[in-house]
Amino acid sequence: QVQLVESGGGLVQAGGSLRLSCVVSGRTFSANAMGWFRQAPGKEREFVAALAWSGGNPAYTDSVKGRFIIFGDNAKNTVYLQMNSLQPEDTAVYFCAANLAVPVLRLGVGKYWGQGTQVTVSS
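The shown structure was predicted, so the numbers you read here are calculated from the model rather than taken from an experiment.

This paragraph deals with the side chain of Thr117. Here Thr117 is to be found in strand S11 (residues 117-122). Assessed through its relative accessible area of 11%, Thr117 is described here as buried. Within the local environment of Thr117, its side chain forms a polar contact with the backbone nitrogen of Gly9, the two atoms lying 3.2 Å apart. Once you skip the residues sitting within four places of it in the chain, Thr117 turns out to touch Glu6, Ser7, Gly8, Gly9, Leu20, Ala92, Val93 and Tyr94.

Okay, structure coming up:
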C-alpha cells in the first residue's frame with residue numbers, strides 16, 4: 001500500500017519561499033510519477049507540478065514556471081516542491097499525489113494522495 005505524507009507548509013510573506021516534502025512509503029511501479037496539486041478556498045483542485053522517478057523533464061503549470069521547482073530524492077523516497085517568490089494567490093492546501101505517469105497526473109488523476117499541507121502567503 002502506497003502512502004504519502006506531506007510536510008513543510010506554513011505562513012510566509014509575499015516574496016518568500018517554502019519547501020514542501022512528500023515522503024512515499026510502499027512505493028511500487030504504480031507510483032512511478034509524483035506530483036503536487038493545490039486547492040484554494042472555493043476553487044477546484046489544480047495541478048502544480050510533477051516528475052517521474054524514472055527520469056524525464058518535470059512538468060509545471062504555467063503560473064508556477066520559473067518560481068517552483070519539483071525534485072526527488074530516490075534514496076529518501078521523498079519528493080520536494082521548492083516554492084520561491086510566493087504570492088498571495090499561491091495560498092492553498094497543497095497535496096502530494098502519485099500515479100503511473102506524469103501525463104496522467106497532469107490530467108488531475110492521482111492514484112494515491114496525501115492528506116495535504118496548508119500554505120498561506122500574506123501580502
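What follows covers the packing of aromatic side chains. The full count for this structure, using the stated rule, is four aromatic pairs. Their ring planes at 75 degrees and their centres at 5.7 Å tell us that Phe37 and Phe47 sit as a pair that is edge-to-face. With Phe37 in strand S4 (residues 33-39) and Phe47 in strand S5 (residues 46-52), the pair connects residues that are ten residues apart, well separated along the chain. Among the residues examined, Phe37 registers a relative accessible area of 1% and is labelled buried. Note on Phe95 and Trp113: the rings are 6.5 Å apart at their centroids and 85 degrees apart in plane angle, and the pair reads as edge-to-face. Of the two residues, Phe95 sits in strand S9 (residues 92-99) while Trp113 sits in strand S10 (residues 112-113), which places them 18 residues apart along the sequence. Put simply, the rings of Phe37, Phe47, Phe95 and Trp113 pair up and form one aromatic cluster. A cation sits over an aromatic face here: Arg19 above Tyr80, 5.9 Å from the ring centre.

Rules used in this analysis
- Residues numbered from 1 in each chain as written.
- Predicted model: local features only at pLDDT ≥ 70, side-chain atom pairs only at ≥ 80, totals over all residues.
- Heavy atoms only, no water.
- Helix = DSSP H or I, 4+ residues; strand = E, 2+ residues; numbered from the N terminus.
- Buried < 20%, exposed > 50% of the residue type's maximum accessible area, 1.4 Å probe, protein only.
- Polar contact = N/O pair within 3.5 Å; in protein donor to acceptor, adjacent residues only side chain to side chain.
- Contact = heavy atoms within 4.5 Å.
- Phe/Tyr/Trp six-rings, centres within 6.5 Å; stacked < 30°, edge-to-face > 60°.
- Lys NZ or Arg CZ within 6 Å of the ring centre and 35° of its normal.

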